[in-house]
Amino acid sequence: MAIRVNLDVMMAKRKMSLNKLSELVGITTANLSVLKTEKAKAIRFSTLNAICKELDCQPGDILEFESD
Amino acid sequence: MKQIKDKLFLPKLLRDILNVVYWFTIIGVSFLLLFIFWLYISGDTNAGNLSVMHKQALPVYLDINDVGKIMIDNSFYEVSLIKAKGKLLVKNAPVSLVVITMILLIFIIAVSLYIINLLRKILKNISDGKQFNNENEIYIRNIGLIVIIGSILEVLFESLITIYCSANTTFDNLTIEPYFDLNFGAVFLGFVILVISQIFKLGTEIKSEQDLTI
């Protein structure tokens, strides 16, 4: 897939751990890990909304398109 | 949560029933195998208690060479009995025939046990909340294939018996005719089960996508 997930970069910038972010967003650590490791097939707008709110960023800061 | 548990009650009940059937059948087959082994070793065809085992019934189709009458709308019409499905009862059958028949019976029971085992596994997965996974799709597909292949093998086997009996049996007023009677209902059922397995495959793919949707 050509969509890159830069969640770990944003988490490092905001100095937030995976456990803390998953707690704030309301999803399991396992699911957040699936997203971070680019194994996810889809993301709900509600989840993206919650992540951007907690990390104070734009969707483009987390998701990036890379042509093959 | 209670509603989900109530929905899973029926698969658990069916699985428990199948478990009982499965283990009773295994015990029965074990005794049957011991009996065949003893029979083969003893070679005694006239043992009093075994007389019932020496009457082997072979499925055949019969034509009765006699003309009868049937009354329809108060008039009589001539009728003949053709392709009547019956069984040839071989009295005081040789040990070899008894053993062959028992081995075929065990084969049929083994296949049935395999299907029961597959159903147990499917019901266990459903009871555990794993309805749509690769395992269930493969199990259901295998059941469908066995039903189709079993129907074809059954007609081949009965045809072989009928062909042999038609050449080697004499009656005064009966003829045994080879007749190929495929159980189309069972074959159709097998195809329906295969279609259901494909639906489960599709369900597995959809669930996999849903599981990886964050």
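Sequence order as written defines the numbering, with residues in each chain counted from 1. Both sets of labels track the order of writing: A upward for chains, 1 upward for ligands. Given that the model is predicted, a residue must reach a pLDDT of at least 70 before its local features are reported, and side-chain atom pairs must reach 80 or more before they are shown or counted; all residues, however, enter totals for whole chains, interfaces and linings. In computing side-chain properties, one takes all heavy atoms of the structure into account and sets aside hydrogens as well as water.

Q: Explain the overall build of chain A residue by residue, including any values.
A: Under the DSSP-based scheme used, a helix requires at least four consecutive residues in state H or I and a strand at least two consecutive residues in state E, with every element numbered from the N terminus. Helix and strand counts for chain A stand at five helices and two strands. Secondary structure elements of chain A occur, N-terminal to C-terminal, as β-α-α-α-α-α-β. Radius of gyration means the value over C-alpha atoms here, while the globule rule gives 2.2 Å times the residue count to the 0.38 power. Taken against the 2.2 N^0.38 rule, which gives 11 Å for 68 residues, the C-alpha radius of gyration of chain A at 11 Å falls within 12% of a compact globule. Taking all 68 residues of chain A together, the buried fraction comes to 35%. By definition, residues are in contact when any of their heavy atoms lie within 4.5 Å. Once local pairs closer than 6 in sequence are excluded, the contacts in chain A between residues at least 24 apart make up 62%. Put simply, chain A shows about 4500 Å² of open surface, and 51% of that area lies on carbon and sulfur atoms. Partly exposed describes any residue whose relative accessible area lies between the buried limit of under 20% and the exposed limit of over 50%, with all areas from a 1.4 Å probe on protein chains only and scaled to the type maximum. With residues, only the protein chains shown are counted as cover, and all accessible areas are computed by Shrake-Rupley using a 1.4 Å probe.

Q: Which residues make up the environment of Ile36 of chain B, and what are the values?
A: Residues and elements named next belong to chain B. One can find Ile36 in helix α2 (residues 9-42). A sequence separation of 62 residues divides Ile36 from Val98, and the C-alpha atoms of the two residues are 8.6 Å apart. Those residues in contact with Ile36 that lie beyond four places of it in its chain are Val99, Met102, Ile103 and Ile106.

Q: Please set out the interface of chain B and chain A residue by residue, giving values where relevant.
A: The interface is formed by five residues belonging to chain B together with 11 residues belonging to chain A. Simply put, the buried area is the total loss of 1.4 Å probe accessible area from both parts when two parts are fitted together. Between chain B and chain A lies a buried interface of about 740 Å² when both sides are counted; carbon and sulfur atoms form 61% of it. When the buried area of chain B at its contact with chain A is split by residue, Leu212, Thr213 and Ile214 of chain B rank highest and sum to 83% of it. Any Lys or Arg side-chain nitrogen located within 4 Å of an Asp or Glu carboxyl oxygen qualifies as a salt bridge. Across the contact surface, chain B and chain A share zero salt bridges.

Q: Got a sec to walk through the side chain of Asn6 of chain A? Specific residues and values, please.
A: Residue and element names in this part refer to chain A. One can find Asn6 in the loop between β1 (3-5) and α1 (7-13). The class for Asn6 is buried, based on a relative accessible area of 19%. Not counting residues up to four positions away in its chain, the partners in contact with Asn6 are Asp61, Ile62 and Glu64.

Q: Quick rundown of the pattern of salt bridges? Include the residues and the values.
A: Between side chains of opposite charge, pairing is possible as soon as their charged atoms come close. By the definition in use, this model includes four salt bridges over all chains. Among the salt bridges present, the one from Glu66 of chain A reaches Arg4 of chain A, with a minimum N-O distance of 3.3 Å. In this pair, Glu66 of chain A sits in the segment after β2 (63-65) while Arg4 of chain A sits in strand β1, placing the two residues 62 residues apart along the sequence. Looking at Glu66 of chain A, the relative accessible area reads 36%, which means it is partly exposed. One salt bridge connects Lys207 of chain B with Asp211 of chain B, and the closest N-O pair in it is separated by 3.1 Å. Taken together, the residues span about one helical turn, with Lys207 of chain B and Asp211 of chain B both in helix α5 (residues 184-211) at a distance of four residues. For Lys207 of chain B, a relative accessible area of 27% gives the class partly exposed. Among the ionic contacts, a cluster of salt bridges with common partners joins Arg4, Glu38 and Glu66 of chain A.

Q: Just give me the short version of the packing of aromatic side chains, but keep the residues and values in it.
A: Think of a pair of aromatic rings as described by two things: how far the centres are apart, and how the planes are tilted against each other in angle. All names here are of chain B. Classification of ring pairs rests on two measures: the distance between centres of Phe, Tyr or Trp rings, Trp counted by its six-membered ring, which must be within 6.5 Å, and the angle between planes, read as stacked under 30 degrees, edge-to-face over 60 and tilted in between. Under the counting rule described, the total for this entry stands at two aromatic pairs over all chains. When the centroid spacing of 5.2 Å and the interplanar angle of 80° are considered together, the rings of Tyr22 and Trp23 count as edge-to-face. Using a relative accessible area of 13% as the deciding quantity, one classes Tyr22 as buried. When the NZ atom of lysine or the CZ atom of arginine is within 6 Å of a ring's centre and also within 35 degrees of its normal, the charge is said to sit over that ring. Just above the ring of Tyr22 sits the side chain of Arg120; from NZ or CZ to the centre is 4.3 Å.

Q: Which residues make up a nonpolar patch on the surface, and what values go with them?
A: Residues and elements named next belong to chain B. Within this analysis, patches are made of residues with over 30% relative accessible area and no salt bridge. Like charges are joined at 9 Å or less; nonpolar side chains (Val, Leu, Ile, Met, Phe, Trp, Tyr) at 5 Å or less. Together, Phe107, Ile108, Leu145, Ile149, Ile152, Leu153 and Leu156 line one region of the surface with nonpolar side chains, adding up to about 650 Å² of accessible area. Of all the secondary-structure elements, those providing two or more residues to the nonpolar patch are α3 (95-127) and α4 (134-168). Top element by residues in the nonpolar patch is α4. It accounts for five residues. Mapped onto the elements of the fold, Ile108 is located in helix α3.

Q: Requested: an account of helix α4 (residues 45-55) of chain A, with residues and values cited.
A: Since the α-helix packs 3.6 residues into each turn, any two residues three or four apart lie on the same face. When α4 of chain A is considered as a whole, its buried residues turn out to be Thr47, Leu48, Ala50, Ile51, Cys52 and Leu55 of chain A. Looking one or two places after α4 of chain A, you find Asp56 of chain A, whose phi comes out positive at around 50°.

Q: I'd like to hear about helix α3 (residues 29-36) of chain A, residue by residue, with values.
A: All names here are of chain A. The set of residues buried in α3 consists of Leu32, Val34 and Leu35. Relative to the axis of α3, the buried residues are bounded by an arc of 155° and lie together on one face. The elements touched by buried residues of α3 are β1, α1, α2 (18-25) and α4. To be clear, the arc concerns the directions from the helix axis to the C-beta atoms.

Q: Quick one: what's the story with the state of the cysteines, residue by residue and with numbers?
A: Residue and element names in this part refer to chain A. Here, a disulfide means two cysteine sulfur atoms that sit within 2.5 Å of each other. For the structure shown, the criterion picks out zero disulfides over all chains. We note that Cys52 lacks a disulfide partner, and the nearest cysteine sulfur, in Cys57, lies 4.4 Å from it. Taking relative accessible area as the criterion, Cys57 reaches 11% and is therefore assigned buried.

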